[in-house]
Amino acid sequence: MDTKAFKRSLQHSENYNRKGFGHQAEATTQLQSEYQSSLIQEIRDRNYIFTTGDVTIRLAQAFGFCWGVERAVAMAYETRQHFPNQRIWITNEIIHNPSVNQRMQDMNIQFIPVEAGKKDFSVVETGDVVILPAFGASVQEMQILHDQGCQIVDTTCPWVSKVWNTVEKHKKIAFTSIIHGKYKHEETIATSSFAGKYLIVLNLQEAQYVADYILNGGDRQEFLQKFARACSAGFDPDQDLERVGIANQTTMLKGETEQIGKLFERTMMQKYGTIELNQHFQSFNTICDATQERQDAMLELVQEDLDLMLVVGGFNSSNTAQLQQIAAAKGIPSYHIDCVERIKSANAIEYRQLNGQLATEQNWLPHGKIIVGVTSGASTPDKVVADIIQKIFALKALASAL
Ligand SMILES: C/C(=C\COP(=O)(O)OP(=O)(O)O)CO
Ligand code: SF4
């Protein structure tokens, strides 16, 4: 399928909107009142440090809602306002934050139902409005919705569309796209639908396995089994790894993406020589600015003398998980939580471990004076962070009063 031509024709269709409906000012005001916090603003104004009683909070210099998230959520609000009486659907969570998705449902924006792991688009009728989330949607989903004659409101972040353009460039020159990403993640599902041949690697370890295969060959069956859900149909590791282009999900770990790019560059140089390199390797870093800024701020924050770290964001939020990874790598006691309710008491906190499992830590809040590092992912409203900080203040005030 010529995905580029399809996108072009979709964008010219009168049933397609990616610019909003002229209610931006109202949507922005609504977003501010629902998601921002005066406490967080005050901490920002005080150079990201705030002390109350025994607790000093050190906020990362960049955290919380990114530009793409604000834009997507504002567009969803605008859509509801513009179509007050129409049925509105969304193809996935708009972003990975439970409180924001709950708001979508409260506004009667419905998720497309999923039956036995497959989305059931038959519920969508001609004339319904369908929002595509900030992660975008696969080209096949866009086609179904377009054919069904519904009004598409596309909130895909332009940084995500940039990744699609990158894999389309690979396709045009018959390169295989190696995508550093998570094959189950909505953004990577969408990205791979615009690619020709592709292979998705989760981390440096998987990339190394592929690089070794390129140089030395290996067990073809094992390769195909390992990447069964992470490659294009009919992928042949013996044919399809001769010319590779690197792209990445926008929210991966910046350092790891760079290492993966360099690894494949070295590998292709070793196999084909420096002069031939351009015929076999292309790389273009598609990690977005917001992800990089939040990770850089986190790398700075973990240099401080912190007693513990709280990383706030949805449990399915990839960029939040990367922030947690940075804290964990530094060996700081650190807890990824999605809402204040995870703090059960001064003695117990429920949090997401790096492997995705929930765990509870006892006696997590140290006695006496403490410095708490705080950051949040690109999909986390400031209000959620403020509630958590207030809870820590309250627990520590109570402890020191006893
Ligand atoms: C929409 C989006 C990022 C916003 O944060 P999210 O937490 O919603 O998404 P992700 O980190 O990719 O799991 C995709 O780049
Ligand atoms: S994290 Fe980056 S790519 Fe994702 S929505 Fe935000 S700005 Fe866009």
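Being a predicted model, the structure only gives us computed values, none of them experimental.

Trainee: Please explain the nonpolar core as it appears in this structure.
Mentor: Across soluble globular proteins, you tend to see nonpolar side chains buried next to one another. Counting residues in hydrophobic clusters, the biggest one holds 49 residues, and the most contacted among them are Val210, Leu241 and Phe264. Per-element accounting of this core gives the leading share, five residues, to helix H9 (residues 204–216). Those residues in contact with leucine 241 that sit more than four places away from it in its chain are Ile178, Leu199, Val210, Tyr213, Ile214, Phe223, Phe235 and Met268. In this structure, Phe50, Phe63, Val312 and Tyr335 belong to the second largest nonpolar core, which totals 32 residues.

Trainee: When you look at the UniProt feature "binding site: isopentenyl diphosphate" (unreviewed entry) in the protein in this model, what are you seeing that I'm missing?
Mentor: Under the UniProt annotation, the feature "binding site: isopentenyl diphosphate" (unreviewed entry) is placed at His96, His185, Ser317, Ser318, Asn319 and Ser379. Looking at the element boundaries, asparagine 319 is found in helix H14 (residues 318–329). Assessed through its relative accessible area of 9%, asparagine 319 is described here as buried. Setting aside anything within four residues of it in sequence, one finds asparagine 319 in contact with Thr251, Gly377 and Ala378. A polar side-chain atom of asparagine 319 sits 3.3 Å from a polar atom in the side chain of serine 317. With respect to the helices and strands, serine 379 occurs in the loop between strand E19 (370–376) and helix H15 (382–401). Among residues more than four places away in sequence, those in contact with serine 379 are Phe65, Val69, Ile95, His96, Asn97 and Ser317.

Trainee: How should I be thinking about the site of ligand 2 in this particular structure?
Mentor: Neighbouring ligand 2 are the residues Cys66, Gly68, Val69, Cys157, Trp159, Val160, Thr250, Thr251, Cys288, Ala290 and Thr291. Elements with a minimum of two residues in the shell around ligand 2: helix H4 (67–82), helix H7 (158–172) and helix H13 (289–301).

Trainee: When you look at the packing of helix H2 (residues 24–35) against H4 in this model, what are you seeing that I'm missing?
Mentor: When two helices pack together, their arrangement is given by the angle between their axes and by how far apart the axes lie. Direction vectors running N to C along H2 and H4 enclose 115°, while the axes themselves pass 9 Å from each other. In this structure, H2 crosses over H4, and the sense of that crossing is right-handed. Where H2 abuts H4, its residues Gln24, Glu26, Ala27, Gln30, Leu31, Glu34 and Tyr35 lie against Glu70, Val73, Ala74, Tyr77, Glu78 and Gln81.

Trainee: Sorry if this is basic, but what is going on with the site of ligand 1 here?
Mentor: Near ligand 1, the surroundings consist of 15 residues, among which His96, Ser317, Ser318, Asn319 and Ser379 are the closest. Between ligand 1 and serine 318 there is a distance of 2.6 Å, counted from an oxygen atom to a backbone nitrogen or oxygen. Interatomic distance of 2.7 Å between a side-chain N/O atom of asparagine 319 and an oxygen atom of ligand 1. Contact with the protein chains removes 96% of the 380 Å² of surface that ligand 1 exposes when unbound. Classifying every residue of the shell around ligand 1 by side-chain character gives five nonpolar, nine polar and one charged.

Trainee: I tried to follow a positive patch on the surface on my own but got confused; where do I start?
Mentor: The grouping of Lys4, Arg8, Lys169 and Lys172 at the surface amounts to a positive patch. For the positive patch, the secondary-structure elements that each account for two or more residues are helix H1 (3–12) and H7. With respect to the helices and strands, the residue arginine 8 is situated in helix H1. Among the residues examined, arginine 8 registers a relative accessible area of 49% and is labelled partly exposed.

The rules behind the values
Each chain carries its own residue numbering, running from 1 in the written order of its sequence. Working convention: letters from A go to chains and numbers from 1 go to ligands, in the order in which they are written. Thresholds applied to this predicted model are a pLDDT of at least 70 for local features of residues and 80 or more for the giving and counting of side-chain atom pairs; totals over whole chains, interfaces and linings are not thresholded and use all residues. Water and hydrogen atoms were dropped before computing side-chain values, which therefore reflect all heavy atoms in the structure. By nonpolar core we mean a set of buried residues, namely Ala, Val, Leu, Ile, Met, Phe, Trp, Tyr and Cys, connected to one another through side-chain atoms within 4.5 Å. Each residue is assigned to one of three classes by its accessible area relative to the maximum for its type, calculated with a 1.4 Å probe on protein chains only: buried under 20%, partly exposed between the two thresholds, exposed over 50%. Secondary structure elements are taken from DSSP: a helix is a run of H or I of four residues or more, a strand is a run of E of two residues or more, and numbering for both begins at the N terminus. Whether two residues are in contact is decided by their heavy atoms: any pair within 4.5 Å suffices. UniProt positions are given in the numbering used here, feature names are shortened, and annotations may be inferred rather than shown by experiment. Contacts described as polar in this section are N or O atom pairs within 3.5 Å, which, within protein, must combine one atom able to donate a hydrogen with one able to accept it, while residues neighboring in sequence count only if both atoms come from side chains. Nearness of a residue to a molecule or strand requires only that one of the residue's heavy atoms be within 4 Å of it. Under this scheme, a helix contributes an axis fitted over its contacting stretch, all axes are lines through C-alpha atoms, and angles between N-to-C directions fall in the 0 to 180 degree range. A clockwise turn of the near helix away from the far one marks a right-handed crossing, whereas an anticlockwise turn of less than a right angle marks a left-handed crossing. What sets the accessible areas is the Shrake-Rupley method with a 1.4 Å probe; for residues, cover comes only from the shown protein chains. The classification used treats Ala, Val, Leu, Ile, Met, Phe, Trp, Tyr, Cys and Pro as nonpolar, Asp, Glu, Lys and Arg as charged, and all other residues, Gly among them, as polar. Each patch groups residues whose relative accessible area exceeds 30% and which form no salt bridge, using 9 Å between like charges and 5 Å between nonpolar side chains of Val, Leu, Ile, Met, Phe, Trp and Tyr. Between Lys or Arg on one side and Asp or Glu on the other, a salt bridge is scored when a side-chain nitrogen of the former is within 4 Å of a carboxyl oxygen of the latter. The convention is simple: Lys and Arg are positive, Asp and Glu are negative, and His and the chain ends are not counted. The location of each charge is read from NZ of Lys, CZ of Arg, CG of Asp or CD of Glu.

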